[in-house]
Amino acid sequence: MLDDNCIFCKISNKEIPSKLLYEDEFTVAFNDLNPQAPNHILVIPKKHFASLNELDDEKYMSALLNAVKEVTKKLGIKEYRTVINTGETAGQTVFHIHIHILAGRPLLWPPG
Ligand code: AMP
Ligand code: ZN
């Protein structure tokens, strides 16, 4: 269920205290440590899945998208970008799936 060496498991099980912006049975959301925009939030499942490739439980899939909607609504963020980096070449550095929410400035497309 949880991975002892995973920083995001430690955040989701509150072994590492952090200010949660949103929480439900399946997910938590918190601010990114190294924000790339005025709002940079991460939404993660409370269960360890290394990446989207390993995410095989529809409860968590729907809960993650629902959490994006709930946390943006709660914070009054109407326009935002969501990103899931999957694998090293795509920019994934933490191998516990997370959805980035970026907002508060104009965002370029395509990303670098
Ligand atoms: P990614 O590169 O898509 O795997 O994104 C990992 C993100 O996690 C980066 O934006 C990091 O800044 C962020 N991050 C790493 N450790 C922490 C932490 N302890 N708390 C909050 N954000 C973190
Ligand atoms: Zn984990």
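So, how was this worked out
Residues numbered from 1 in each chain as written. Chains lettered and ligands numbered in written order. Predicted model: local features only at pLDDT ≥ 70, side-chain atom pairs only at ≥ 80, totals over all residues. Heavy atoms only, no water. Donors = N, O, S within 2.8 Å, 3.2 Å for Na, K, Ca; no water. Tetrahedral: all angles 85-135°; square planar, octahedral: opposite > 155°, others 65-115°. Helix = DSSP H or I, 4+ residues; strand = E, 2+ residues; numbered from the N terminus. Buried < 20%, exposed > 50% of the residue type's maximum accessible area, 1.4 Å probe, protein only. Near = heavy atom within 4 Å. Polar contact = N/O pair within 3.5 Å; in protein donor to acceptor, adjacent residues only side chain to side chain. Areas by Shrake-Rupley, 256 points an atom, 1.4 Å probe, with all protein chains shown as cover. Nonpolar A, V, L, I, M, F, W, Y, C, P; charged D, E, K, R; others polar.

Asks: When you look at the coordination of the zinc ion (ligand 2) in this model, what are you seeing that I'm missing?
Replies: In an ideal tetrahedron of four donors about a metal, each angle is 109.5 degrees. In an ideal octahedron of six donors, the angles are 90 or 180 degrees. Within the protein, the zinc ion (ligand 2) binds to Cys6 (SG), Cys9 (SG), His48 (ND1) and His96 (ND1); these donor distances fall in the range 2.0 to 2.3 Å. Here the zinc ion (ligand 2) is ringed by 4 donor atoms whose angles at the metal span 103 to 115°, and the overall shape comes out tetrahedral. Linear spacing of the donor residues for the zinc ion (ligand 2) on their chain is C-x2-C-x38-H-x47-H. Here the residue cysteine 9 occupies a position in helix H1 (residues 7-12), and histidine 48 occupies one in the loop between strand E3 (39-45) and helix H2 (58-75), the gap between them amounting to 39 residues. Its relative accessible area of 22% is what places histidine 48 among the partly exposed residues.

Asks: When you look at the site of ligand 1 in this model, what are you seeing that I'm missing?
Replies: Among the 16 residues in the neighbourhood of ligand 1, the closest are listed as Asp32, Asn85, Gly91, Thr93 and His100. Here an oxygen atom of ligand 1 and a side-chain polar atom of aspartate 32 are 2.5 Å apart. Calculation on ligand 1 without its partners gives an accessible area of 510 Å², and the protein chains cover 82% of this total. For the shell around ligand 1, the secondary structure elements donating two or more residues are H1 and strand E2 (27-31). Classifying every residue of the shell around ligand 1 gives 7 nonpolar, 8 polar and 1 charged.

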